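# Descriptive structure summary
The lines below spell out each chain.
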Amino acid sequence: MARKQPPPWVHAAVLLWLLGLGGAIEIPMDLSQPPTITKQSVKDHIVDPRDNILIECEAKGNPAPSFHWTRNSRFFNIAKDPRVSMRRRSGTLVIDFRSGGRPEEYEGEYQCFARNKFGTAISNRIRLQVSKSPLWPKENLDPVVVQEGAPLTLQCNPPPGLPSPVIFWMSSSMEPITQDKRVSQGYNGDLYFSNVLLQDMQTDYSCNARFHFTHTIQQKNPFTLKVLTNHPYNDSSLRNHPDMYSARGVAERTPSFMHPQGTSSSQMVLRGTDLLLECIASGVPTPDIAWYKKGGDLPSHKARFENFNKALRITNVSEEDSGEYFCLASNKMGSIRHTISVRVKAAPYWLDEPQNLILAPGEDGRLVCRANGNPKPTVQWMVNGEPLQSAPLNPNREVAGDTIIFRDTQISSRAVYQCNTSNEHGYLLANAFVSVLDVPPRMLSPRNQLIRVILYNRTRLDCPFFGSPIPTLRWFKNGQGSNLDGGNYHVYENGSLEIKMIRKEDQGIYTCVATNILGKAENQVRLEVKDPTRIFRMPEDQSAQRGTTVRLECRVKHDPSLKLTVHWLKDDEPLYVGNRMKKEDDSLTIFGVAERDQGSYTCVASTELDQDLAKAYLTVLGRPDRPRDLELTDLAERSVRLTWIPGDPNNSPITDFVVQFEEDQFQPGVWHDHSKFPGSVNSAVLQLSPYVNYQFRVIAVNEVGSSHPSLPSERYRTSGAPPESNPTDVKGEGTRKNNMEITWTPMNATSAFGPNLRYIVKWRRRETRDTWNNVTVWGSRFVVGQTPVYVPYEIRVQAENDFGKGPEPDTVIGYSGEDLPSAPRRFRVRQPNLDIINLEWDHPEHPNGILTGYTLRYQAFNGTKVGKQIAESFSPNQTKFSVQRLDPVSRYRFTLSARTQVGNGEAVTEESPAPPNEAYTNNQADIATQGWFIGLMCAIALLVLMLLIVCFIKRSRGGKYPVREKKDVPLGPEDPKEDEGSFDYSDEDHKPLQGSQTSLDGTIKQPESDDSLVDYGEGGEGQFNEDGSFIGQYTVKKDKEETEGNESSEATSPVNAIYSLA
């Protein structure tokens, strides 16, 4: 969190004089005055040949000046050239080529003259040049033959353009040439090789020149290299070898300078420009360059190294930067030094530039023209564009070197004077007029201004005025007679009043009064004092991970009479508040923080008078950047050293580096983790396996996440060896009942150790201990056929490559295929009570594999009724199970089978026993609904009817028994009813007979008696219902009806027929 100081307050309606408190006095434009040049083209004016030429020259004066030009110091007659014109009310030249013409014809030195009746002002001498982008000369370049390890310079020699072109090197296929400390481009455009390697032949080299105005690129014919070497194979594994040069048969050499040559040189630089020193050295290995200054240190605040330390740049050179500099080139073979003597020269620069001089008649004055340079510049005075020596004599004027003194000036002394100071490196030209005026004081700013200022600030009240002689100015407050000067007030020469620290009591009306011998003028300013704008709760520095939410506070206190505006800057630029941000009056919220949100955030609280700023820095914690510049060194048979440069941790320290490798034989393109190292390590020795063509990459890890992988390293192949291990996870399992499939996890590239990796597979029956069977397999499985069902085998799998066999393998027990198991043995169903049924069984006699469990299915049944089937699954070790009965009368049927991975085997079925004392009741409901039972009941009913008829007949013949009349009385609610084939009845008192028995369905049935039989026998119509129960009723009929009924029954009754047979 930091508070920034706001820029100086901008007061409303106040005219700020940019010339400063002691600046030149300007004459109001309504008064007569000599010309003044206000705009002109640069001294070296380079133009695009495709455009019209524009040479600027503008001036002011009263009366308005007229213009003319010289070209190469001779009058340039514009009227005679139809292509040339001058802009209206201006001296700017326009040369038009739309109708033809060559711009080169107008090159030269131009100077503009602005003249009115009071004098002549002149411009700088403007050198007009047309931009040039010449073509590269045609040339045939022979291949460059060079010995490996030797230095090489490919010269560019671009065509001389104007301005000079930008040089860069590419291949003919427009691929940039990779530069490093061994191969780099010098500032003269040449390409330098400190030592040439065989790999430099892989491309060609073409120098390109880009021209500024035409935006064209011209390409030189490419160079091709032919490198002579003692090691013709460009083995990538040697590229990063610690002794790469000796490994390739290249002799090591001490450094020597390619540019500049020799041990010393000198260089001149102009003051205010950049000093550029360069040292390019050859040598094997490639030398390192270091820079020093004799007798002192390099100016750290303006010195920087460029081009892989081969160049030193010092900006804005001054005289103290002169001296001796030296560069030191060194490698392990030695070192060499080159000394550069630097001399700083200077084109003229101003010490006192002449200013316009305004005098009243009879006043004295002077013009001063002082400049410095190296060598010391000369001063030449001119008046109205002519040398002073050839101007008419003026007794009131005296020239004293760099000063002109005027005494008792008169109106005739009005003129424009030019001071030209020059040396061999350049020139300066300044115009200053002498104006003689007799003018009373006048105020130049609006009257009665309102100025609002901020409490405790330093404030200046300006009162621009003019008069000749120059008036004196005094300030007063609230009409008081005392002049304001001293203490908290200070009056400057130009009349401005400074209040050093504004207080509340400084509010009021201020009056400025300008006076000279011709009169006086005054103006008033009303000053209001406002409270300052202050941020009292500032945003704080924060760190946030990507995707989180951040809130920056900014609470402000301000003067209530001023309008407050709050806005935000990011990295000192206006912040665009997108849809991920929310700006409120007192805060800024950023949702879903991203890496691009990192930076400084400035809250700017401003009114029309002042502003306050507070800055906070948001640090976004991101994943680290990828490591770079991987290098393999210390190459050995089973190890290598890997070195890398860590990437930017992005504000979260790197905790780990993960090294991965890829090989191109078994799994090309697939990366595997090799090892992991702490975040403080950037070099590690990696243990390697034989016969692997390694390629490495590195991933950096911090608390936020992992970086992108680095670019891969060069490849390195290790030599081969017999395998040191065998495949793992060896198994023997049957896929069918008559086979065994032997499988294993194949060995990867780091355990193969050699070409043609294969496996020797051996197996034999475990019980019989037969001789080993063996076969060689290139895959990861082998199937043994025609095996017995589920028998154990001894298995061995041994790795082998072209270098030999691996160690003796371990023996693994496998099994042939499984089959369905036999039925469980001794399946027992026991019922200890009416609530539970217990099941027990033994394992199958022939499991035919590994038992995976048991499956039990059971269901309740009651006669023909069957319940829902229920299935249970048991573990292979469970041999007991209990079933909770749902009702006390149902029985259960159980089916049990064992299973292997092949499936369920043969099943065994058992039923639970019938519950004791309840079998009859349990079956009654079912029997009553069976057809055979209904038929039986019908037959019994018919037999009973026949017996009743016989009894009736016997009674009729053998005497009569008193018979009670039976009335048709409906059954009451307590009377027994028909239910499931039975019928209950009672005497008139509705009491059950003694000795009654319980029927099958639980109802009470009366015992037979003579009276009841007689009653039934006398009944009218005896019937059996559909379920076989007897329905009997009789009624007391009229005599007639009885008579008729008896007669008819004797004639036709089948009972009579039966009786007759008796």
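This structure is a prediction, so every number in the text was calculated from the model and none was measured. (Residues numbered from 1 in each chain as written. Predicted model: local features only at pLDDT ≥ 70, side-chain atom pairs only at ≥ 80, totals over all residues. Heavy atoms only, no water.)

## Considering the overall build of the protein
Assigned secondary structure in the protein consists of 7 helices and 84 strands. By element, 49% of the accessible surface of the protein is carried by carbon and sulfur atoms, the whole surface being about 57,100 Å². (Helix = DSSP H or I, 4+ residues; strand = E, 2+ residues; numbered from the N terminus. Areas by Shrake-Rupley, 256 points an atom, 1.4 Å probe, with all protein chains shown as cover.)

## Here's the deal with the confidence of the model for the protein
Confidence in the prediction for the protein averages 85 pLDDT; 85% of positions are at 70 or higher. Confidence scores differ between elements of the protein, with helix α7 (residues 1054-1061) showing the lowest mean pLDDT of 36 and strand β17 (residues 191-193) the highest of 97. Low confidence marks residues 5-22, where pLDDT is under 50. Its contacts with residues over four positions away, or in another chain, come to 34 contacts. (pLDDT = per-residue confidence, 0-100. Contact = heavy atoms within 4.5 Å.)

## A look at the packing of aromatic side chains
Considering all chains together, one arrives at 18 aromatic pairs under this definition. Centre to centre, the rings of F97 and Y106 are 5.7 Å apart; their planes meet at 75°, and the pair counts as edge-to-face. Each member of the pair F97 and Y106 is classed as buried. The interplanar angle of 70° and the centroid separation of 6.5 Å between the aromatic rings of F827 and W841 together place this pair among those described as edge-to-face. Highlighted residues: F827 in strand β73 (residues 825-830) and W841 in strand β74 (residues 836-842), separated in sequence by 14 residues. Here F827 and W841 have matching classes, each one buried. Taken together, F827, W841, Y854, F874 and F881 form an aromatic cluster joined through their ring pairs. Positioned over the ring face of Y349 is R271, at 3.9 Å from the centre of the ring. (Phe/Tyr/Trp six-rings, centres within 6.5 Å; stacked < 30°, edge-to-face > 60°. Buried < 20%, exposed > 50% of the residue type's maximum accessible area, 1.4 Å probe, protein only. Lys NZ or Arg CZ within 6 Å of the ring centre and 35° of its normal.)

## Some remarks on the sheet that holds strand β55 (residues 587-590)
Strand order in the open sheet formed by 3 strands is β50-β55-β54, with antiparallel pairing between adjacent strands. Each end of this open sheet is capped by a strand with a single partner; those strands are β50 (550-553) and β54 (581-584). On average, each strand axis in the sheet is inclined to that of its neighbour by 10°, with strand direction left out of account. Here β50 pairs with β55 via 4 bridges, running antiparallel. Paired with L552 across the two strands is L588, which belongs to β55. (Pairing = 2+ DSSP bridges. Axes fitted to C-alpha atoms, helices over the stretch in contact; angles between N-to-C directions.)

## Details of the state of the cysteines
Per the stated rule, a full pass over the model turns up 6 disulfides. Across the disulfide, C463 is cross-linked to C512 (sulfur-sulfur distance 2.0 Å). Because the sign of the S-S torsion sets the handedness, a value of about 60° for the bond joining C463 and C512 places this disulfide among the right-handed ones. Note that C463 is positioned in the loop between β41 (459-461) and β42 (465-468) and C512 in strand β46 (residues 508-516), a separation of 49 residues in sequence. For C463, a relative accessible area of 2% translates into the label buried. Judged by its relative accessible area of 1%, C512 is buried. Shown here is the disulfide that connects C554 with C603, its sulfur atoms set 1.8 Å apart. Taking the torsion about the S-S bond as the criterion, the C554 to C603 disulfide, at about -75°, is left-handed. Note that C554 is positioned in the loop between β50 and β51 (555-557) and C603 in strand β56 (residues 599-606), a separation of 49 residues in sequence. (Disulfide = S-S within 2.5 Å.)

## Some remarks on the pattern of salt bridges
Summed over the entire model, instances satisfying the criterion amount to 53 salt bridges. One salt bridge in this structure joins R370 and D402, with 3.5 Å as the shortest N-O distance. Here R370 is found in strand β32 (residues 370-374), whereas its partner D402 is found in the loop between β35 (397-400) and β36 (403-406), with 32 residues between them in sequence. Judged by its relative accessible area of 36%, R370 falls in the partly exposed class. Residues joined in a network through salt bridges with shared partners are R826, R828, R830, E840 and D842. (Salt bridge = Lys/Arg side-chain N within 4 Å of Asp/Glu carboxyl O.)

## Concerning the pairing of strand β80 (residues 904-911)
As paired elements, strand β79 (residues 891-899) and β80 share 6 bridges and run antiparallel to each other. The residue of β80 that forms the bridge with F894 is E910.

## Structural notes on the nonpolar core
One broad trend across soluble globular proteins is that nonpolar side chains are buried collectively. Among the nonpolar cores identified, the biggest contains 30 residues, and I53, I55, W69, L93, Y106 and Y110 are the most heavily contacted of them. L93 has contacts with I53, L54, I55, W69, F76, I78, V84, S85, M86 and Y110, leaving out every residue within four places of it along the chain. Membership of the second largest hydrophobic core comes to 22 residues, among which are I451, V453, C463 and A521. (Core = buried A, V, L, I, M, F, W, Y, C linked by side-chain atoms within 4.5 Å.)

## Overview of the side chain of N702
When you line up the elements, N702 lands in strand β63 (residues 693-702). Of the residues examined, N702 reaches a relative accessible area of 5% and is grouped as buried. A polar side-chain atom of N702 sits 2.8 Å from the main-chain carbonyl oxygen of G622. The residues contacting N702, other than those within four sequence positions of it, are G622, R623, P624, P649, S652, P653, I654 and T655. (Polar contact = N/O pair within 3.5 Å; in protein donor to acceptor, adjacent residues only side chain to side chain.)

## A few points about the sheet that holds β73
Note on sheets: strands pair through backbone hydrogen bonds, and any given pair is parallel or antiparallel. Pairing is antiparallel across the open sheet formed by 3 strands, whose spatial order is β73-β74-β78. Two strands in the sheet have a free side with no partner beyond their single neighbour: β73 and β78 (880-884). Here the strands of the sheet are splayed against their neighbours by 15° on average, with no regard to which way each runs. Summarising the sheet, β73 and β74 pair through 4 bridges and their orientation is antiparallel. Counterpart to R825 in the pairing with β74 is D842.

## Description of a nonpolar patch on the surface
Together, W932, L936, I940 and V944 make up a nonpolar patch on the protein surface, roughly 380 Å² of accessible area in all. Structurally, I940 can be placed in helix α4 (residues 931-958). (Patch = residues over 30% accessible without salt bridge, like charges linked within 9 Å, V, L, I, M, F, W, Y side chains within 5 Å.)

## Some remarks on the environment of R697
You can see R697 is positioned in strand β63. Taking the relative accessible area as the measure of exposure, R697 reaches 18% and is therefore buried. Placed 39 residues apart in sequence, R697 and V658 show a C-alpha to C-alpha distance of 8.4 Å. The residues touching R697, leaving out its near neighbours within four places in the chain, are L630, V658, V659, Q660, W671, P709, S710 and P712. Within the local environment of R697, its side chain forms a polar contact with the side chain of Q660, the two groups lying 2.7 Å apart.

## Re the side chain of S652
Topologically, S652 is positioned in the loop between β59 (639-645) and β60 (654-662). Ignoring anything within four residues of it in the chain, the contact list for S652 reads L621, G622, N702, E703 and V704.

## Section: unusual backbone geometry
Here the bond from N374 into P375 is cis, since omega is 5°, no more than 30 degrees from zero. Note on placement: P375 falls in the loop between β32 and β33 (378-383). Cis geometry is found at the peptide bond from S468 to P469, where omega equals 5°. Mapped onto the fold, P469 is located in the loop between β42 and β43 (472-477). One non-glycine residue with positive phi stands out, namely N307, at about 55°. With respect to the helices, strands and loops of the structure, N307 is situated in the loop between β26 (303-306) and β27 (311-314). Positive phi outside glycine occurs at F753, with the angle close to 65°. Tracing the backbone through its elements, the reader meets F753 in the loop between α2 (749-752) and β67 (758-765).

## Some points on the environment of K868
Looking at the secondary structure, you find K868 in the loop between β76 (865-866) and β77 (870-874). A relative accessible area of 74% means that K868 is categorised as exposed. In the structure, K868 is positioned 10 residues away from Y858 in sequence and 8.5 Å away in space, judged by C-alpha atoms. With near-sequence residues (within four places) excluded, K868 lies in contact with Y858 and Q859.

## Here we look at the environment of G334
Relative to the helices and strands, G334 resides in strand β29 (residues 334-352). Classification of G334 by relative accessible area gives partly exposed; the value is 24%. Put simply, G334 and S256 are 78 residues apart on the chain and 10.0 Å apart in space, counted from C-alpha to C-alpha. Not counting residues within four places of it along the chain, the set of residues in contact with G334 comprises T254, P255 and A329.

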